[in-house]
Amino acid sequence: MKFTKLFEPITINHLTIKNRIVMPAMALVYTEDYTFSSRFKAFYRERAKGGVGLMIIGPVAIDKVGSTPFMPGLFDDKYIAPIHDFIIELHKETNAKIGIQLMQMGRYASSSYTGMTPIAPSAMPSKLTREVPLEMTIDDIEEIKEAFAQGARRAVEAGFDYVEILAGGGYLIGEFLSPVTNLRTDEYGGPIENRMRFGLEVIKKVRQVVGKDFAMGIRVSGHDFMEGGHTNIESALFCTEAEKAGVNSINVTGGWHESYIPQITTNVPPGAFLYLARGIKEKVRVPVFASNRLGDPLVAERALRSGAADMICWGRPLLADPELPNKVKKGRLDEIVSCIGCNQGCFDQLLSGFSVCCVLNPRVGREADTEIKEARVKKKVYVAGGGPAGMEFALVAKQGGHDVTLYEKEERLGGQVNLVAASPGKKEFLNVVKSLQNRMAISGVKIKSKTTLTSKMVEEGRPDVLAVASGARPIEIKVPGITQPHVVNAWDVLNDMVPDIGKQVVIVGGSATGCETALLVASLGVVSPETFTFLLYHSAEDFDRIRALLHSGGRKITVIDILERMADNVGLSTRWSLIKSLRLMGVELRPKTKLVEITRDAVIVDTELGKESIPADTVIIAVGSRSVDDLAREVNSGGTEVITIGDAKEPRKITDAIREGFDTALKL
Ligand SMILES: Cc1cc2nc3c(=O)[nH]c(=O)nc-3n(C[C@H](O)[C@H](O)[C@H](O)COP(=O)(O)OP(=O)(O)OC[C@H]3O[C@@H](n4cnc5c(N)ncnc54)[C@H](O)[C@@H]3O)c2cc1C
Ligand SMILES: Cc1cc2nc3c(=O)[nH]c(=O)nc-3n(C[C@H](O)[C@H](O)[C@H](O)COP(=O)(O)O)c2cc1C
Ligand code: SF4
């Protein structure tokens, strides 16, 4: 497919943007004192150079009570000059248009960061912060409207091309809009006309300050996905009024932090929420941006061609690959580092109060210090293992000019990532392998698959450097009955090597591997999404019958773990949806349950209430992994520098494997 629509220019008010690609606001936690830190600037500079059309910097605070010091602020004139210098530089260096998102967090703000109780339309506690905000007085309302207006004025003075007001995501304006969080009885609460009043007054006030010619937009939730909250219909109604109040564009995202539907995780199908943009586009005349999981250029191009939106947002896709727009434009598709929606480096970090990084792009947040440069001394490098650690190491070493050979004992590259991708909703993890494999091939890494690297081969080949990236293997436990044929390992199940899985399955170990294996086993026998759609499309059965086919594969599955919290090693943004899926599939989760013995047809467990027998015709062991690092110990170095990386050093995550591969190769 030719990417024609993606690279068509568009004009918003008087602002002409070179293509249809928007980088939406993303909180990064790269500052501690409301300023544009050098780390923050390096991050944005790299993205502006990567070819994005409209880069929306932010969120940026309009006041202190509704923010955190970890985001830049525009609530004082003192912030204008330093930002202005940076925007001038960006305009000189690139032809990206630079926007800013103005944010007031409402009840999502936290007093632990600001020292002030957050304010909101009503005193409704927030699940995110577990705090009860103060109900805003009319004076507060006037003050915040003015703060938005002053923030916008400073943004214009700082040289931004575009101002976006955040009116969705469960933040302050969104809280006014929703009957869930707005219980007011004055002119700002009650019927929707009243609930819209605050947002519309903010828009009008900002318009007065920025002038009629300045490009100004809002970001809304296309559907709150909150029990009793706004659907796409009310959202579209607000957008029609916002257009009348003076906005020139509408950026449609998904729901709130408290939404009951996953919004941006790997299990959300690409383009799933495009229909929300369409619902709004049908009601307004100004350009509409679609958002969430549109990172695949084909999906993005199709979204634009469908007419559902005028621009598409690439948030995390530009974290993973700042050069994505340029690569797509030049047809360098094999070089793309595709975001897999895992949230591990970005959103989960943010939710835990840490700086944003990326599992696949170890340079995120370290742009200024991690450029790959040509090495002065070229070395002969062997890499043992084609998992993420070995592949990243090999790639970066080769890009640094070294002579690199990677050995992988299996036929396919990827190591454990192939197991990760086997679980339902995680297929996209295979993009990690595909992308590294493609980039290694382009850079000229020599790849020897189906070849185990031995100490003898190292001693004969005499490389200057040996990177041992041989990964991990499952831990074996000693429990009576463990050697019986119906006891299998989770890795083998994920690897499709267990043809006979019984009807009563007990999984021992409730961390990510155990829970994801449970989901895989539970999904055996349910209808596929394609079949589900087919049956529904043709009304083959009534809806409830078809839905039941999605949720039951006819097995009784129990996951036991000695610990209290299941899936504890899964990121915050993903864990709840994994647990939700397990519940939907009828999987029983039994924390604080210790395996004692496995008999021919049951597992015997110890619980707080004493010993118990759980019927089981298949027992799957998922109790963790241990490093495989024999090669590092066996090699008689004889001048070869031996580096152990990834799970071979200590079993962890892809994030650590890739970062370690990158960092060690950079130092060669
Ligand atoms: C079920 C499951 C789910 C997971 N889910 C996640 C997740 O959601 N997110 C996450 O970040 N991490 C997850 N992980 C962990 C993640 O997959 C690992 O941390 C990561 O793959 C480690 O990468 P690595 O390159 O160090 O090792 P591996 O991926 O294990 O790769 C090592 C490779 O080395 C090869 N090898 C070994 N010895 C030799 C030799 N002598 N010569 C040649 N080749 C050799 C092996 O065949 C293998 O391909 C999961 C793991 C599992 C098992
Ligand atoms: C780390 C992170 C921080 C975010 N912060 C904001 C924010 O402050 N304001 C906002 O409107 N959206 C925010 N978002 C949502 C993104 O703008 C975007 O809508 C979301 O990531 C989905 O798009 P994507 O799949 O292209 O990443 C954030 C997302 C991430 C991953
Ligand atoms: S950490 Fe995962 S979701 Fe976040 S940008 Fe990187 S690949 Fe995408």
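Here, the structure is the one placed above.
Residues numbered from 1 in each chain as written. Chains lettered and ligands numbered in written order. Predicted model: local features only at pLDDT ≥ 70, side-chain atom pairs only at ≥ 80, totals over all residues. Heavy atoms only, no water.

Asker: Tell me what's going on with unusual backbone geometry, and back it up with residues and numbers.
Answerer: Looking along the chain, the bond that leaves G58 and enters P59 is cis, with omega of 20°. Examined against the element boundaries, P59 turns out to sit in strand β4 (residues 54-61). Of note in the backbone geometry, N343 takes a positive phi value of approximately 65° without being a glycine. Residue placement: N343 occurs in the loop between α11 (324-329) and α12 (347-351). Judged by its relative accessible area of 1%, N343 falls in the buried class. In the Ramachandran plot, K592 falls in the positive-phi region, its phi being about 50° despite a non-glycine side chain. Judged by relative accessible area, K592 falls into the partly exposed class, the value being 34%. (Helix = DSSP H or I, 4+ residues; strand = E, 2+ residues; numbered from the N terminus. Buried < 20%, exposed > 50% of the residue type's maximum accessible area, 1.4 Å probe, protein only.)

Asker: Break down the site of ligand 3 for me, with residues and values.
Answerer: Residues in contact with ligand 3, as listed here, are R316, L319, C339, I340, G341, C342, N343, G345, C346, C358, V359 and L360. By residue class, the composition of the shell around ligand 3 is eight nonpolar, three polar and one charged. (Near = heavy atom within 4 Å. Nonpolar A, V, L, I, M, F, W, Y, C, P; charged D, E, K, R; others polar.)

Asker: Summarise the site of ligand 2; cite the residues concerned and give the values.
Answerer: In the region of ligand 2, 23 residues are neighbours, and A25, R219, R293, G315 and R316 sit closest. At 3.2 Å, a side-chain N or O of S291 approaches an oxygen atom of ligand 2. N292 has a polar side-chain atom sitting 3.3 Å from an oxygen atom of ligand 2. Out of a free accessible area of 600 Å², ligand 2 has 93% covered by protein chains. (Polar contact = N/O pair within 3.5 Å; in protein donor to acceptor, adjacent residues only side chain to side chain. Areas by Shrake-Rupley, 256 points an atom, 1.4 Å probe, with all protein chains shown as cover.)

Asker: Can you lay out the sheet that holds strand β18 (residues 487-489) for me, pointing to particular residues and giving the numbers?
Answerer: Overall, parallel pairing links the five strands, which are arranged β18-β25-β19-β20-β21 in an open sheet. Sheet topology places β18 and β21 (588-590) at the edges, where each strand pairs with a single neighbour. Between one strand axis and the next, the sheet turns through 20° on average, direction left out of account. Both strand β19 (residues 504-508) and strand β25 (residues 618-621) contribute to a ladder of four bridges, which runs parallel. Among the inter-strand pairings, V508 is bridged to a residue of β25, identified as I621. (Pairing = 2+ DSSP bridges. Axes fitted to C-alpha atoms, helices over the stretch in contact; angles between N-to-C directions.)

Asker: Talk me through the packing of helix α6 (residues 192-210) against helix α7 (residues 232-245); I want residue IDs and the actual numbers.
Answerer: It is at 9 Å that the axes of α6 and α7 come closest, and there the two elements cross at 35°. By crossing handedness, the relation of α6 to α7 is classed as right-handed. Here I192, M196, G199, L200, I203, K204 and R207 of α6 come into contact with α7, specifically with E234, L237, F238, E241, A242 and A245. Among the residues making up the contact of α6 with α7, the classes are represented as eight nonpolar, one polar and four charged. (Left-handed = near helix turned anticlockwise from the far one by under 90°. Contact = heavy atoms within 4.5 Å.)

Asker: Break down the pairing of strand β20 (residues 556-560) for me, with residues and values.
Answerer: Burial within β20 is extensive, with four of its five residues counted as buried. As defined by bridge partners, β19 adjoins β20 across five bridges and the pair is classed as parallel. Opposite V508, over in β20, you have I560 as the bridge partner. Note: β20 against β21, three bridges, orientation parallel. Its bridge partner being in β21, I560 is matched across the sheet by R590. In the classification by handedness, the crossover that spans β20, the intervening helix α21 (residues 572-584) and the parallel β21 is right-handed. (Right-handed = clockwise from strand over helix to strand, strands pointing away.)

Asker: Now, about the nonpolar core: what can you tell me, with residues and values included?
Answerer: Across soluble globular proteins, nonpolar side chains show a tendency to be buried alongside one another. Counting 147 residues, the largest nonpolar core has L6, I57, F160, I203, I250, W314 and F393 as its most contacted members. Of the residues forming this core, the biggest block, eight residues, is contributed by α6. With 32 residues, the next largest nonpolar core counts A490, I501, A567 and L589 among its residues. (Core = buried A, V, L, I, M, F, W, Y, C linked by side-chain atoms within 4.5 Å.)

Asker: Any chance you could break down helix α2 (residues 80-93) for me, citing the residues and the numbers?
Answerer: Here α2 contains 14 residues, and its C-alpha end-to-end distance of 20 Å stays within 8% of the 20 Å for a straight helix at 1.5 Å per residue. In this structure, the buried side of α2 is in contact with α1 (38-49), β4, β5 (97-103) and α4 (138-157). (Expected span 1.5 Å × (residues − 1).)

Asker: Now, about a nonpolar patch on the surface: what can you tell me, with residues and values included?
Answerer: Nonpolar side chains collect at one region of the surface, where L128, L351 and L572 lie side by side and expose about 240 Å² of accessible area between them. Along the chain, L351 turns up in helix α12. (Patch = residues over 30% accessible without salt bridge, like charges linked within 9 Å, V, L, I, M, F, W, Y side chains within 5 Å. Salt bridge = Lys/Arg side-chain N within 4 Å of Asp/Glu carboxyl O.)

Asker: Please set out the sheet that holds strand β27 (residues 641-644) residue by residue, giving values where relevant.
Answerer: Spatial ordering of the open sheet is given by β15-β14-β13-β16-β27, a layout of five strands whose pairing is parallel. On the outer flanks of this sheet lie β15 (446-449) and β27, each paired with one strand and no other. Averaged over all neighbouring strand pairs, the angle between strand axes comes to 15°, with direction disregarded. Strand direction decides the pairing type here: strand β14 (residues 403-408) and β15, joined by four bridges, are parallel. Among the inter-strand pairings, Y407 is bridged to a residue of β15, identified as K448.

Asker: Go over the side chain of S67 with me, naming the residues and quoting the values.
Answerer: Mapped onto the elements of the fold, S67 is located in the loop between β4 and α2. The exposure class of S67 is buried, given its relative accessible area of 0%. Reaching out from S67, the side chain makes a polar contact with the side chain of Y34 at a distance of 3.2 Å. Not counting residues up to four positions away in its chain, the partners in contact with S67 are Y34, A61, M105, A109 and T114.

Asker: Which residues make up the packing of aromatic side chains, and what are the values?
Answerer: Inspection of every chain in the model, using the stated rule, returns 15 aromatic pairs. When the centroid spacing of 4.8 Å and the interplanar angle of 65° are considered together, the rings of F36 and F40 count as edge-to-face. Taken individually, F36 and F40 each receive the classification buried, so the pair is uniform in this respect. Of the aromatic side chains, those joined through ring pairs into one cluster are Y30, F36, F40, F43, Y44 and F86. Across from the ring centre of F429, 4.9 Å away, lies the NZ or CZ of K426, which sits over that ring. (Phe/Tyr/Trp six-rings, centres within 6.5 Å; stacked < 30°, edge-to-face > 60°. Lys NZ or Arg CZ within 6 Å of the ring centre and 35° of its normal.)

Asker: Could you give an account of the environment of R316, naming the residues involved and the relevant values?
Answerer: Considering the arrangement of structural elements, one finds R316 in helix α10 (residues 316-320). Remark: the alpha-carbon pair of R316 and F347, spanning 31 residues in sequence, is separated by 9.2 Å. Setting aside residues no more than four positions away along its own chain, R316 makes contact with M26, I264, R293, C339, G341, N343 and C346. Here N343 takes part through its side chain, which lies 2.8 Å from a polar atom of the side chain of R316.

This is a description of form; function is not addressed.
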